[in-house]
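This is what each chain is made of:
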Amino acid sequence: EVMEDEDDEEAGEGEEGGVQLRAFEGRPEVVQRCARVVHALMASPHAAPFLRKPSRETLRDYYDVVLRPIALHDVLHHLQHGDYDHSVGRFAADVRLIFANCATFNAEGELLLGEADRLSAQFERLLLTWVLDPQAPPVDCLLSVDHCI
């Protein structure tokens, strides 16, 4: 599948395809927490269709129907460039837009909508427990074996 964006290195993706969380060291804690949420989403078995925007060649009409295409790699790029440093709400809105776009473009009952629902539920749980909860575990522990993703 050919995808629209090709900025893996800039977005912090390593050779193994995982997000290099070291790129977020020294950034505000909330950004580090959001980066770990995105990392967990990208590692999900449901994430593949949402990693990158669809290719214009493959899904031309997608760009006619969806007004603001966005994917997980775009969110990661925004995180890395400081676009969400002062707004967890904007971060959450962009992630939610990924799933809203899926619902806008795909017909009811399509399997992709189920994948979007599962990934969306995972996002909401991680946002609450890893980012918004005042009792959230320390940021360095968020991707340890002890924390369910």
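Structure's up top.
Attention in this report is confined to the structure presented alongside it. (Residues numbered from 1 in each chain as written. Predicted model: local features only at pLDDT ≥ 70, side-chain atom pairs only at ≥ 80, totals over all residues. Heavy atoms only, no water.)

**Focus: the nonpolar core**
Val37, Leu72, Val75, Leu79, Phe91 and Phe123 are the most contacted members of the largest nonpolar core, which totals 34 residues. For this core, the secondary-structure elements that each account for two or more residues are α2 (29–43), α4 (72–80), α5 (88–105) and α6 (111–132). In contact with Val37, other than residues within four places in its own chain, are Phe91, Phe123, Leu126, Leu127, Trp130 and Val131. (Core = buried A, V, L, I, M, F, W, Y, C linked by side-chain atoms within 4.5 Å. Buried < 20%, exposed > 50% of the residue type's maximum accessible area, 1.4 Å probe, protein only. Helix = DSSP H or I, 4+ residues; strand = E, 2+ residues; numbered from the N terminus. Contact = heavy atoms within 4.5 Å.)

**Things to note about α4**
By the criterion of burial, α4 is predominantly enclosed, with seven of the nine residues buried. Among all positions of α4, only Leu72, His73, Asp74, Val75, Leu76, His78 and Leu79 are buried. Gly82 sits one or two residues past α4 and shows a positive phi near 85°.

**Some details on the packing of α2 against α5**
Between α2 and α5, the least distance of the axes is 11 Å, while the angle of their chain directions is 15°. The angle between the axes of α2 and α5 places the two elements in the roughly parallel class. Taken as a pair, α2 and α5 cross one another with a handedness that is right-handed. On α5, the residues that touch Val30, Cys34, Val37, Val38 and Leu41 of α2 are Val88, Phe91 and Val95. Among the residues forming the contact of α2 with α5, the class breakdown is eight nonpolar, no polar and no charged. (Axes fitted to C-alpha atoms, helices over the stretch in contact; angles between N-to-C directions. Parallel < 35°, antiparallel > 145°, perpendicular 65-115°, else oblique. Left-handed = near helix turned anticlockwise from the far one by under 90°. Nonpolar A, V, L, I, M, F, W, Y, C, P; charged D, E, K, R; others polar.)

**Points about the packing of aromatic side chains**
Summed over all chains, the structure comprises five aromatic pairs. Considering the side-chain rings of Phe50 and Phe99, the 5.8 Å spacing of their centres and the 70° angle between planes classify their relative orientation as edge-to-face. Of this pair, Phe50 sits in the loop between α2 and α3 (62–65) while Phe99 sits in helix α5; the two residues are 49 residues apart in sequence, bridging distant segments of the chain. The residues Phe50 and Phe99 share a single accessibility class, namely buried. Considering the side-chain rings of Phe91 and Phe123, the 5.9 Å spacing of their centres and the 65° angle between planes classify their relative orientation as edge-to-face. (Phe/Tyr/Trp six-rings, centres within 6.5 Å; stacked < 30°, edge-to-face > 60°.)

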